[in-house]
Amino acid sequence: MHNRIHIKNATIVNEGRRFVGSVVLDDDRIEEVLEGRDALPTLPADEVIDAEGCFVLPGVIDDHVHFRDPGLTQKADFDSESRAAAAGGVTTVLDMPNTLPPAVTLERIEEKRAIAAQRCHVNYGFFLGASKENAATLSKINPRIVAGIKLYMGSSTGSLQVEEDDALLTIFEQSRLPIMVHCEDTPTIMANLRACKAQHGDDPDVCFHPIIRSEEACYKSTSQAIRLAKRTGARLHVAHLTTARELELFEPNDGQITAEACLPHLVFTDADYKRLGTRIKCNPAIKTEADRAALRAALTDGRICCVGTDHAPHTITDKMGGAAKAASGMPFVQFSLVAMLELVDEGVLTIERLVELMCHQPAKLFAIENRGFLRPGHMADIVIVRPDSPWTVTPNRILSKCNWSPVEGKTYRWRVESTFVNGFLIYNNGQITNDNFRGRSITYLH
Ligand code: DOR
Ligand code: ZN
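Just so you know, these numbers come straight off a predicted model, no measurement behind them.

S.K.: Explain helix H3 (residues 165-174) residue by residue, including any values.
M.R.: Listed in full, the buried residues belonging to H3 are Ala167, Leu168, Leu169, Ile171 and Phe172. Those residues of H3 that are buried lie in contact with strand S9 (148-153), strand S10 (179-183), helix H6 (215-232) and strand S11 (236-238).

S.K.: For the pairing of strand S6 (residues 60-65), give the residues involved together with the corresponding values.
M.R.: Most of S6 is tucked away: six of the six residues are buried. Relative to strand S7 (residues 90-95), S6 runs parallel, the two sharing four bridges. Directly across from Val60, in S7, lies its bridge partner Val90. The β-α-β motif built from S6, the intervening helix H1 (residues 78-87) and the parallel element S7 has right-handed crossover chirality.

S.K.: Now, about the packing of aromatic side chains: what can you tell me, with residues and values included?
M.R.: The tally for this structure, following the rule as stated, stands at eight aromatic pairs. The interplanar angle of 75 degrees and the centroid separation of 5.5 Å between the aromatic rings of Phe67 and Phe78 together place this pair among those described as edge-to-face. Taken together, the residues span a long stretch of sequence, with Phe67 in the loop between S6 and H1 and Phe78 in helix H1 at a distance of eleven residues. The exposure class assigned to Phe67 is buried, which follows from its relative accessible area of 0%. With centroids separated by 6.1 Å and ring planes inclined at 50 degrees, the aromatic side chains of Tyr124 and Phe126 adopt a geometry described as tilted. Here Tyr124 falls in the buried class, since its relative accessible area comes to 4%. Ring pairing ties together the aromatic residues Phe67, Phe78, Tyr124 and Phe126, which thus form one cluster.

S.K.: Lay out the packing of H3 against H6 with the relevant residues and their values.
M.R.: Contact pair H3 / H6: the axes reach a minimum separation of 9 Å and the direction vectors enclose 50 degrees. By the angle class used here, H3 and H6 are oblique. Our pair here, H3 against H6, has a crossing hand that is right-handed. Only Gln224, Ala225, Leu228, Ala229, Arg231 and Thr232 of H6 make contact with H3, whose side of the interface consists of Asp165, Leu168, Leu169, Phe172 and Glu173. In the contact of H3 with H6, the residues fall into six nonpolar, two polar and three charged.

S.K.: Could you give me a rundown of the nonpolar core, with the residues and numbers involved?
M.R.: Core analysis: the biggest nonpolar cluster contains 105 residues, and Leu151, Phe172, Leu299, Ile304, Leu337 and Met340 have the highest contact counts within it. In this structure, Tyr152, Ala363, Leu365 and Ile368 belong to the second largest nonpolar core, which totals 18 residues.

S.K.: Give me the coordination of the zinc ion (ligand 2): which residues, what numbers.
M.R.: Protein coordination of the zinc ion (ligand 2) is provided by His64 (NE2), His66 (NE2) and Asp310 (OD), with donor distances spanning 2.1 to 2.2 Å. Counting residues between consecutive donors of the zinc ion (ligand 2) along the chain gives the motif H-x1-H-x243-D. Taken together, the positions of His64 in strand S6 and Asp310 in the loop between strand S13 (306-308) and helix H11 (336-345) put the pair 246 residues apart, joining distant regions of the chain. This pair shows no difference in class: His64 is buried, exactly as Asp310 is.

S.K.: Account for the sheet that holds S9, naming residues and giving values.
M.R.: With respect to topology, eight strands assemble into an open sheet ordered S6-S7-S8-S9-S10-S11-S12-S13, the strand pairing being parallel. Either end of the sheet is taken by a strand with one partner, and the two such strands are S6 and S13. Ignoring strand direction, the axes of neighbouring strands in this sheet form an average angle of 30 degrees. Relative to S9, strand S8 (residues 123-129) is paired through three bridges, and the arrangement is parallel. Residue Gly129 lies in a different strand from S9, and its bridge partner there is Lys150.

Reading the values: the criteria
- Residues numbered from 1 in each chain as written.
- Chains lettered and ligands numbered in written order.
- Predicted model: local features only at pLDDT ≥ 70, side-chain atom pairs only at ≥ 80, totals over all residues.
- Heavy atoms only, no water.
- Buried < 20%, exposed > 50% of the residue type's maximum accessible area, 1.4 Å probe, protein only.
- Helix = DSSP H or I, 4+ residues; strand = E, 2+ residues; numbered from the N terminus.
- Contact = heavy atoms within 4.5 Å.
- Pairing = 2+ DSSP bridges.
- Right-handed = clockwise from strand over helix to strand, strands pointing away.
- Phe/Tyr/Trp six-rings, centres within 6.5 Å; stacked < 30°, edge-to-face > 60°.
- Axes fitted to C-alpha atoms, helices over the stretch in contact; angles between N-to-C directions.
- Parallel < 35°, antiparallel > 145°, perpendicular 65-115°, else oblique.
- Left-handed = near helix turned anticlockwise from the far one by under 90°.
- Nonpolar A, V, L, I, M, F, W, Y, C, P; charged D, E, K, R; others polar.
- Core = buried A, V, L, I, M, F, W, Y, C linked by side-chain atoms within 4.5 Å.
- Donors = N, O, S within 2.8 Å, 3.2 Å for Na, K, Ca; no water.

The following block contains the structure:
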């Protein structure tokens with residue numbers, strides 16, 4: 001028994017093009033992508049969805065989430081955060097290793113995979129955390145089971161930091177997988193923090209966060225990562241760029257050394273600390289208006305090759321305090337697509353480029369098998385979004401366990417109407433449709 005769904009009359013955005021047409025789903029796969037208003041499926045459909053006025057995109061692949069499971073489930077877990085993802089049109093997430101215990105061995109990865117298999121409503125993949133201890137063994141990792149290696153070249157939430165030059169070189173030499181790096185130079189941060197505390201007390205106001213976690217700290221560390229990649233030939237993906245100066249280090253559309261931008265740094269500036277306080281405290285810090293403008297420009301010139309969220313929920317209690325004490329990170333996975341569509345409305349990028357950055361590129365970068373594109377034979381991960389349908393982010397709409405959002409009160413013009421994961425309509429008109437549906441572990445062609 002096949003279940004064939006015909007989504008018709010939508011504006012389809014895929015692989016650099018936009019056209020009115022149909023997508024036909026056959027069970028968990030895409031069967032056909034057809035151009036034209038009256039195009040008919042080759043075989044009759046069991047169900048027809050008229051998506052007139054809507055846009056149909058490949059489901060978003062978020063290459064950067066912290067779902068906190070296991071060990072930090074007071075903040076978030078695979079159940080709650082994957083509901084938020086589905087509601088945001090995100091059909092695949094790549095989860096970071098700074099969970100408890102940290103995911104630094106394949107056994108830990110398999111434990112996380114088992115948890116996700118039980119709880120996750122969208123598709124999932126994992127990064128293996130690089131450590132001093134596992135550095136020499138990275139070449140033996142089966143490239144088919146993780147998306148990549150995550151390396152913290154600077155301190156942030158958790159204890160996964162690697163600082164020693166010899167360990168860093170070993171990691172770059174050994175890894176056959178993409179190495180996604182958090183670049184911030186800890187000695188620079190520590191010196192800045194000491195100076196700031198001397199002037200402003202033990203827990204300075206959050207507006208000093210970008211002074212402490214400074215442009216210099218980012219530039220130094222990103223330069224070092226690029227030097228290591230050039231020396232070893234490793235595949236480097238620098239996570240969450242935040243400054244115009246770092247962008248100068250990247251070549252457009254380079255195959256070896258790439259950069260990610262994350263939602264917090266694309267939508268906020270340091271002027272927002274006054275209004276939003278520690279809610280927008282994250283590492284690396286949100287910097288200046290000029291930095292944000294440079295990041296936005298780099299979305300289209302090829303120096304930023306993908307957009308993730310760095311979805312990093314903390315309880316509201318964890319966010320209390322200032323630049324020193326408040327936890328760093330904010331939830332975003334539920335609102336990333338609509339927030340980026342707003343940038344499309346503002347003329348920052350085209351919707352075709354958005355699809356490139358949020359759907360196609362993550363699939364390509366991490367060699368994800370059969371996802372990220374609307375193509376016959378690919379898995380049916382699809383999102384239907386409607387323009388001109390304003391709605392406001394209110395606490396009752398937030399599905400993340402922490403139940404707060406840096407964009408509370410914000411009105412978005414675009415609405416996620418429906419999300420299909422592996423051909424299953426998991427989110428529709430404001431509701432998760434089925435508590436029992438589970439996503440799959442993604443596979444790779446590294
Ligand atoms: O702000 C951040 N939060 N940056 C990170 O690097 C980690 C993340 C977290 O896990 O909380
Ligand atoms: Zn992160």
